[in-house]
Amino acid sequence: MTVETTSAPPAARLSLRGWLASDAPASRRQAVLGNVYRGFVALVSNRTALTGLVIVAALLGIAVFAPLVSGFRSPIDQSLSERLAAPGAAHWFGTDEFGRDIFARIAYGTRVTLTIVMLVSIVVAPIGLLVGTTAGYLGATAGRAGGIIDAVLMRITDIFLAFPRLVLALAFAGALGPGIENAVIAISLTAWPPFARIARAETVSIARSDFISAVVLQGASTARILFRHIVPLCLSSLIVRLTLDMAGIILTAAGLGFLGLGAQPPTPEWGAMVASGRNVIFEQWWVATIPGLAIFIVSLGFNLLGDGLRDVLDPKSS
Amino acid sequence: MSGAWIAGVLWRLLSLMGSLLLTLWGLTAITFSIGRFIPTDPVLAIVGDHASRETYERTRLALGLDRSVLEQYLIYLRKILAGDFGTSVMSSHSVLSDLYQFFPATFELATIATVLGVLVGVPAGVLAAANRGRWPDRLVSIVGLFGYSMPIFWLGLIGLAIFYGRLSWVGGPGRLDTGFEDIVTARSGVILVDSALAGEWEVFRNAVSHLVLPASLLGYVSLAYISRMTRSFMIDQLAQDYVTAARIKGRSFWGAVWGHAFPNIMVPLITVIGLSYASLLEGAVLTESVFAWPGLGLYITSSLFNADMNAVLGGTLMVGAVFIGINLFCDFLYKVFDPRLRAA
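As the structure is a computational prediction, the values presented were derived from the model and not from experiment.

Conventions and cut-offs
Residues numbered from 1 in each chain as written. Chains lettered and ligands numbered in written order. Predicted model: local features only at pLDDT ≥ 70, side-chain atom pairs only at ≥ 80, totals over all residues. Helix = DSSP H or I, 4+ residues; strand = E, 2+ residues; numbered from the N terminus. Buried ≥ 20, exposed ≤ 12 C-beta atoms within 10 Å, placed from the backbone. Contact = placed C-beta atoms within 7 Å. Expected span 1.5 Å × (residues − 1). Nonpolar A, V, L, I, M, F, W, Y, C, P; charged D, E, K, R; others polar. pLDDT = per-residue confidence, 0-100. Axes fitted to C-alpha atoms, helices over the stretch in contact; angles between N-to-C directions. Left-handed = near helix turned anticlockwise from the far one by under 90°. Parallel < 35°, antiparallel > 145°, perpendicular 65-115°, else oblique.

**What to know about the overall build of chain B**
From N to C terminus, chain B includes 14 helices and zero strands. The dimensions of chain B, computed from C-alpha atoms along their principal axes, are 90 × 60 × 40 Å. The 344 residues of chain B split such that 38% are buried. By sequence separation, contacts in chain B at least 24 residues apart represent 71% of the contacts at least 6 residues apart.

**Some remarks on the overall build of chain A**
For chain A, the helix and strand inventory stands at 14 helices and zero strands. Starting at the N terminus, the α and β elements of chain A follow one another as α-α-α-α-α-α-α-α-α-α-α-α-α-α. Projected onto the principal axes, the alpha-carbon positions of chain A cover approximately 75 × 65 × 30 Å. When burial is assessed residue by residue, chain A has 42% of its 318 residues classed as buried. Sequence separation of at least 24 residues holds for 66% of the intrachain contacts in chain A that already meet a minimum separation of 6.

**Focus on helix H11 (residues 253-291) of chain B**
A rise of 1.5 Å per residue sets the reference length of H11 of chain B, with its 39 residues, at 57 Å; its end C-alpha atoms lie only 44 Å apart and thus fall more than 12% short of the reference. One or two steps after H11 of chain B, the chain reaches Ala292 of chain B, where phi turns positive at roughly 50°.

**As for the interface of chain A and chain B**
Listed per partner, the contact involves 34 residues of chain A and 36 residues of chain B. If you list the elements that add at least two residues to the side of chain A that touches chain B, you get helix H7 (143-161), helix H8 (165-176), helix H12 (222-258) and helix H14 (286-313) of chain A. Examining the composition of the side of chain A that touches chain B, we find that nine residues originate from one element, H8 of chain A, more than from any other. Grouping the amino acids of the side of chain A that touches chain B by side-chain chemistry returns 25 nonpolar, seven polar and two charged.

**Brief notes about the confidence of the model for chain A**
Per-residue confidence for chain A gives a mean pLDDT of 84; residues scoring 70 or more make up 94%. For residues 1-8 of chain A, every residue scores under 50 in pLDDT, and the model assigns this stretch one contact once sequence neighbours within four places are set aside.

**Topic: the environment of Val54 of chain A**
Residue and element names in this part refer to chain A. As for its placement among the helices and strands, Val54 is situated in helix H4 (residues 47-64). Its 14 C-beta neighbours within 10 Å are what place Val54 among the partly exposed residues. Once the C-alpha coordinates of Val54 and Ile122 are considered, the two residues, 68 residues apart in sequence, prove to be 23 Å apart.

**Section: helix H4 (residues 69-81) of chain B**
Helix length check: H4 of chain B, at 13 residues, gives a terminal C-alpha distance of 18 Å against a target of 18 Å (1.5 Å per residue), a fit within 8%. Phi turns positive one or two residues past the end of H4 of chain B, at Gly83 of chain B, with a value near 80°.

**Remarks on unusual backbone geometry**
Of the consecutive residues Pro265 of chain A and Pro266 of chain A, the connecting peptide bond is found in the cis state with omega at 5°. Tracing the backbone through its elements, the reader meets Pro266 of chain A in the loop between H12 and helix H13 (270-276). A positive phi angle is found at Ser168 of chain B, which is not glycine, with a value near 55°. Its place among the elements puts Ser168 of chain B in the loop between helix H7 (152-166) and helix H8 (191-198).

**Quick notes on the environment of Gly271 of chain A**
Residue and element names in this part refer to chain A. Within the secondary structure, Gly271 is located in helix H13. Separated by 78 residues in the primary sequence, Gly271 and Pro193 place their C-alpha atoms 26 Å from one another. In this structure, Gly271 is in contact with Ala253, Ala254, Gly255, Leu256, Gly257, Phe258, Gly262 and Ile295, ignoring residues within four places of it in sequence.

**Side note on the packing of helix H5 (residues 95-130) of chain B against H11 of chain B**
All names here are of chain B. With their axes 9 Å apart at the nearest point, H5 and H11 run at an angle of 145° to one another. When the axes of H5 and H11 are compared, the crossing they make is right-handed. Across from Thr106, Leu109, Ala110, Ala113, Thr114, Gly117, Val118, Val122, Val126 and Ala130 in H5, the residues of H11 making contact are Val257, Phe262, Leu269, Ile273, Ser276, Tyr277, Leu280, Leu281 and Ala284. Class assignment of the residues belonging to the contact of H5 with H11 gives a composition of 15 nonpolar, four polar and no charged.

**Things to note about the environment of Leu275 of chain B**
Among the structural elements, Leu275 of chain B can be located in helix H11. Residues Leu275 of chain B and Leu139 of chain B, spaced 136 residues apart in sequence, show a C-alpha to C-alpha distance of 24 Å.

**Thoughts on the packing of H5 of chain B against helix H6 (residues 135-149) of chain B**
Residue and element names in this part refer to chain B. H6 packs onto H5 with a crossing angle of 135° between their chain directions and a minimal axis gap of 7 Å. In terms of orientation, H5 and H6 fall into the oblique class. Crossing of H5 against H6: the hand is left-handed. Counting all contacts with H5, which are made through Ala124, Gly125, Leu127 and Ala128, the residues of H6 involved are Pro136, Asp137, Val140 and Ser141. Classifying every residue of the contact of H5 with H6 by side-chain character gives five nonpolar, two polar and one charged.

**As for the confidence of the model for chain B**
Confidence in the prediction for chain B averages 84 pLDDT; 94% of positions are at 70 or higher. Both scores are given for the predicted complex: the pTM is 0.85, the ipTM 0.84.

In structure tokens:
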């Protein structure tokens, strides 16, 4: 009676890849993981996306292992005898006007950049999702009152969408005082509307489908429908947009830092580092050039990854 | 030009006015709130730490700070509608007259940059679409991608170091060299126009040498956006049957591209150009800071560091209003002139 166990071909059992790529998943978990696997393969086989992925992964890696990467040099310890040293064996990227090691400051600066990007995402994505899905779902299903709520919410979104991002962020950072938290608030304020629009567009197309009607008939509450059934389906286009927006967020944050309104010294923020090299750009080019290059590479990485993700997750738009 | 179309245009014009008013109102609400967020006490900022209780109270009443928030907002709104943005602490002029003085520099920079962006970006986008997947397409995408990812303040610094510091090909920061200032009377505030009108070609040449670098950098940013959008509009059009039909009738490939497909992307393209122009007007802040360009951006940032909140909020309101106006106007143009939307 040992024949029972051979219901699946032994080869598919043994190889993980075969299990993931299976056309007939046996469980929900296998189906979900299989989807993730196929997306990952598509992403990695796309050269631009792979480049972006490598850059973003490197950013994460450097942020986590910043002390190790920088050879346990401090990003803020000053050494005035070594100020403005040229790049060389002792200091790979040279030193700045206080004799601080620029390589260490770049490495620790990844943490600042990542903090800003993550905080903005944490603020912006939920607001956009909440506004967009609520407006879309009520507008599509709740009759006249729903239509009014939809119109009001989207009007507010349009108002914020038409605001000039950098200037408003400037005014906010100026009023609240310089600092990372205020820069994040200022950027978030002008960054959420596109997410609300995307979430609404997705929701409107989902709201009238049969599976939602089925859930309604089973007596699910509006909140349950929104959070359990609609939000998960909006996530992929939201992630694409978020990745593409990261580049813009990084550039805005760096711009605020350059103007002296972002992270304050001695925090190793790249935009502020460019500003500190401004006066010595003619003689000590590395002080401003290298942090600027770091900003450029990271925002390029997010742009490439975003383009790639869009091709993989959202084939209809390419 | 049927009656229905005209009625449609009028209706859209009305709704444009509606959106414009609503959005501008939102903007004033935000600048007002920012003004109230300031952690410092506005009364103390005026009377100083050592003022007596009475002076403090008198100033507080004069500023209207004893009234409800709503009343204060209405007073603020009424003042703005009358063109009263308050007085700048830094220049001791009214903020409005300061804005008049600083606006032309930004206008000049953004306009030249947009012209450059269009002249290069549109042909580049068409070329990329016509050669889809081949090297011109890749080149245009890479140039565009770099433009999207570039911190412009950094590029400006590097540009200054190379073209001004090393090679001396261009003028340095500012709009003119010191010897050339105050030769031409400011009629429009746009130096290129003023010096040309006065026939001062030396001044004109000097102004061009200062303008060329910041304008090309901003032009590059605008090019990145314009070429990408042109490419995607053009790819849509080139896939249509009418292009194939034109080719079958014997029209050359480039004849079909420019003569048949291109006219059809003009409407969305105008919208894109307008949006890019609006974003340059506001995005010039960083470029102006790098090049010491005396425009609105520099005005706002330097006021910020002098805690001159009237000037900051007035400048924000001005840039915001121009930005919103152009944005919504482009949206309107698109809706009125796009034949597919006309019927709706």
